[in-house]
Amino acid sequence: MFGVSCNAQPEKKQTVAAASGNNVEVYYFHMTMRCTTCKTIEAETRKNIEMLYPVQYKEGKISFTALNLEEATGKAMGEKLGVSGQTLLIVSGDQKINITTDGFLYAVAKPDKFTGIIKDKIDLLIK
(Lines give C-alpha, C1' and ligand atoms only; values in the text may rest on other atoms or scores of the structure.)
Protein backbone atom coordinates (compact mmCIF):
# COMPACT_ATOMS: atom_id res chain seq x y z
CA MET A 1 0.00 0.00 0.00
CA PHE A 2 2.76 2.46 0.88
CA GLY A 3 4.37 2.04 -2.55
CA VAL A 4 1.25 3.35 -4.25
CA SER A 5 0.41 6.13 -1.82
CA CYS A 6 3.94 7.53 -1.67
CA ASN A 7 5.20 6.48 -5.11
CA ALA A 8 8.10 4.61 -3.52
CA GLN A 9 10.71 3.14 -5.85
CA PRO A 10 11.07 -0.63 -5.50
CA GLU A 11 14.49 -1.87 -4.53
CA LYS A 12 16.73 -2.95 -7.40
CA LYS A 13 20.31 -4.17 -7.42
CA GLN A 14 22.16 -1.59 -9.49
CA THR A 15 25.47 0.14 -9.56
CA VAL A 16 26.20 3.68 -10.68
CA ALA A 17 29.13 6.06 -10.48
CA ALA A 18 27.90 8.93 -8.35
CA ALA A 19 29.98 9.39 -5.23
CA SER A 20 33.65 10.21 -5.51
CA GLY A 21 36.47 8.29 -3.88
CA ASN A 22 35.57 6.60 -0.62
CA ASN A 23 32.83 9.10 0.19
CA VAL A 24 29.37 7.84 1.05
CA GLU A 25 26.40 9.89 -0.08
CA VAL A 26 22.91 9.17 1.20
CA TYR A 27 20.11 10.50 -0.97
CA TYR A 28 16.47 10.72 0.00
CA PHE A 29 14.28 11.41 -3.03
CA HIS A 30 10.72 12.54 -2.40
CA MET A 31 7.79 14.36 -3.97
CA THR A 32 6.34 17.70 -2.90
CA MET A 33 3.33 16.13 -1.19
CA ARG A 34 4.53 13.84 1.61
CA CYS A 35 2.89 11.80 4.34
CA THR A 36 4.08 11.62 7.94
CA THR A 37 6.00 8.41 7.26
CA CYS A 38 7.86 10.02 4.35
CA LYS A 39 8.88 12.97 6.52
CA THR A 40 9.92 10.62 9.33
CA ILE A 41 12.16 8.60 7.00
CA GLU A 42 13.99 11.79 6.07
CA ALA A 43 14.32 12.98 9.68
CA GLU A 44 15.45 9.60 11.02
CA THR A 45 17.97 9.09 8.24
CA ARG A 46 19.50 12.54 8.75
CA LYS A 47 19.60 12.07 12.54
CA ASN A 48 21.20 8.63 12.24
CA ILE A 49 23.93 9.73 9.88
CA GLU A 50 24.83 12.73 12.03
CA MET A 51 24.75 10.59 15.21
CA LEU A 52 26.52 7.46 13.91
CA TYR A 53 29.22 9.21 11.89
CA PRO A 54 29.76 12.68 13.40
CA VAL A 55 33.40 13.06 12.31
CA GLN A 56 32.88 11.75 8.77
CA TYR A 57 29.72 13.85 8.43
CA LYS A 58 31.52 17.06 9.49
CA GLU A 59 34.42 16.26 7.17
CA GLY A 60 32.04 15.67 4.25
CA LYS A 61 33.06 12.02 3.86
CA ILE A 62 29.49 10.95 4.57
CA SER A 63 26.69 13.21 3.44
CA PHE A 64 22.91 13.30 3.45
CA THR A 65 20.86 15.11 0.83
CA ALA A 66 17.08 15.26 0.54
CA LEU A 67 15.90 16.03 -2.99
CA ASN A 68 12.45 16.84 -4.32
CA LEU A 69 11.91 14.97 -7.61
CA GLU A 70 9.48 17.67 -8.71
CA GLU A 71 12.21 20.33 -8.65
CA ALA A 72 14.99 20.74 -11.24
CA THR A 73 17.90 19.67 -8.99
CA GLY A 74 16.08 16.63 -7.65
CA LYS A 75 14.87 15.59 -11.07
CA ALA A 76 18.37 15.86 -12.56
CA MET A 77 19.98 13.81 -9.76
CA GLY A 78 17.12 11.32 -9.91
CA GLU A 79 17.76 10.79 -13.61
CA LYS A 80 21.50 10.39 -12.97
CA LEU A 81 20.85 7.71 -10.34
CA GLY A 82 17.93 6.05 -12.13
CA VAL A 83 15.33 7.15 -9.58
CA SER A 84 11.76 8.02 -10.57
CA GLY A 85 9.89 7.79 -7.27
CA GLN A 86 10.44 8.10 -3.56
CA THR A 87 13.74 6.38 -2.84
CA LEU A 88 16.35 6.18 -0.07
CA LEU A 89 19.80 5.38 -1.51
CA ILE A 90 23.24 4.94 -0.07
CA VAL A 91 25.87 5.53 -2.77
CA SER A 92 29.63 5.08 -2.77
CA GLY A 93 31.64 4.92 -5.97
CA ASP A 94 29.91 2.44 -8.25
CA GLN A 95 27.88 0.88 -5.43
CA LYS A 96 24.27 1.83 -4.80
CA ILE A 97 22.19 0.38 -1.96
CA ASN A 98 18.44 1.01 -1.99
CA ILE A 99 16.95 0.90 1.52
CA THR A 100 13.57 2.45 0.70
CA THR A 101 11.58 -0.54 1.91
CA ASP A 102 13.52 -0.61 5.19
CA GLY A 103 12.70 3.06 5.69
CA PHE A 104 8.98 2.47 5.27
CA LEU A 105 9.00 -0.63 7.44
CA TYR A 106 11.07 0.65 10.35
CA ALA A 107 11.61 4.44 10.49
CA VAL A 108 8.35 5.01 12.38
CA ALA A 109 7.56 1.69 14.06
CA LYS A 110 11.07 0.44 14.88
CA PRO A 111 13.53 3.35 14.62
CA ASP A 112 16.28 1.41 16.44
CA LYS A 113 16.12 -1.32 13.80
CA PHE A 114 16.23 1.34 11.07
CA THR A 115 19.34 2.84 12.73
CA GLY A 116 21.00 -0.59 12.67
CA ILE A 117 20.22 -1.09 8.99
CA ILE A 118 21.69 2.30 8.06
CA LYS A 119 24.82 1.54 10.11
CA ASP A 120 25.24 -1.93 8.61
CA LYS A 121 24.92 -0.65 5.03
CA ILE A 122 27.23 2.34 5.46
CA ASP A 123 29.80 0.29 7.39
CA LEU A 124 29.99 -2.10 4.41
CA LEU A 125 30.93 0.81 2.17
CA ILE A 126 33.49 2.53 4.40
CA LYS A 127 35.56 -0.56 5.25
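These numbers were taken from a predicted model, which means no experiment stands behind them.

A.B. asks: Help me understand the overall build of the protein, please; the structure alone is not making it clear to me.
C.D. replies: A tally of helices and strands in the protein yields 6 helices and 4 strands. Residues counted as buried form 45% of the 127 residues belonging to the protein. Roughly 6,900 Å² of accessible area belongs to the protein as shown, and the carbon and sulfur atoms make up 53% of that amount.

A.B. asks: It is not clear to me how the pairing of strand 4 (residues 95–98) should be interpreted in this structure. Could you clarify?
C.D. replies: Each regular strand shows side chains that alternate between the opposite faces of the sheet. Two strands pair when backbone bridges link them, and strand 3 (residues 87–92) and strand 4 are joined in this way by 4 bridges, in the antiparallel orientation. Along strand 4, the bridge assignment pairs Leu 89 with Asn 98.

A.B. asks: Mind showing me how you'd approach the pattern of salt bridges here?
C.D. replies: Side-chain pairing between opposite charges can occur once the charged atoms of the two side chains come close. For the structure shown, the criterion picks out 5 salt bridges. As a salt-bridge pair, Arg 46 and Glu 42 come within 3.3 Å of each other at their nearest N and O atoms. With Arg 46 and Glu 42 both in helix 2 (residues 36–52), this residue pair falls 4 residues apart, about one helical turn. A residue is classified by how much of its surface remains accessible, and Arg 46, at 30% relative accessible area, is partly exposed. What makes Glu 42 buried here is its relative accessible area of 14%. With a closest N to O distance of 2.7 Å, Asp 123 and Lys 119 form a salt bridge. With Asp 123 and Lys 119 both in helix 6 (residues 111–126), this residue pair falls 4 residues apart, about one helical turn.

A.B. asks: Which parts of the structure should I look at to understand the pairing of strand 1 (residues 24–30)?
C.D. replies: The buried fraction of strand 1 is high, at 7 of 7 residues. Because side chains alternate across strand 1, one face comprises the buried residues Val 24, Val 26, Tyr 28 and His 30, and the other comprises Glu 25, Tyr 27 and Phe 29, equally buried. Pairing geometry for strand 1 and strand 2 (residues 62–68), over 7 bridges, is parallel. Residue Phe 29 lies in a different strand from strand 2, and its bridge partner there is Leu 67. Across 5 bridges, the pairing between strand 1 and strand 3 is antiparallel. Each residue of the ladder has a partner; that of Val 26, found in strand 3, is Ile 90.

A.B. asks: Sorry, what's going on with the sheet that holds strand 1 here?
C.D. replies: Backbone-to-backbone hydrogen bonds join strands into a sheet, with any given pair of strands oriented parallel or antiparallel. One open sheet holds the 4 strands; their spatial order is 2-1-3-4, and the pairing between them is mixed. Strands at the two margins of the open sheet, each flanked by one partner only, are strand 2 and strand 4. Here the strands of the sheet are splayed against their neighbours by 20 degrees on average, with no regard to which way each runs. Packed on one face of the sheet, helix 4 (residues 72–81) meets strand 1, strand 2, strand 3 and strand 4 and runs near 120 degrees to strand 1.

The rules behind each value
- Residues numbered from 1 in each chain as written.
- Predicted model: local features only at pLDDT ≥ 70, side-chain atom pairs only at ≥ 80, totals over all residues.
- Heavy atoms only, no water.
- Helix = DSSP H or I, 4+ residues; strand = E, 2+ residues; numbered from the N terminus.
- Buried < 20%, exposed > 50% of the residue type's maximum accessible area, 1.4 Å probe, protein only.
- Areas by Shrake-Rupley, 256 points an atom, 1.4 Å probe, with all protein chains shown as cover.
- Pairing = 2+ DSSP bridges.
- Salt bridge = Lys/Arg side-chain N within 4 Å of Asp/Glu carboxyl O.
- Axes fitted to C-alpha atoms, helices over the stretch in contact; angles between N-to-C directions.
- Contact = heavy atoms within 4.5 Å.

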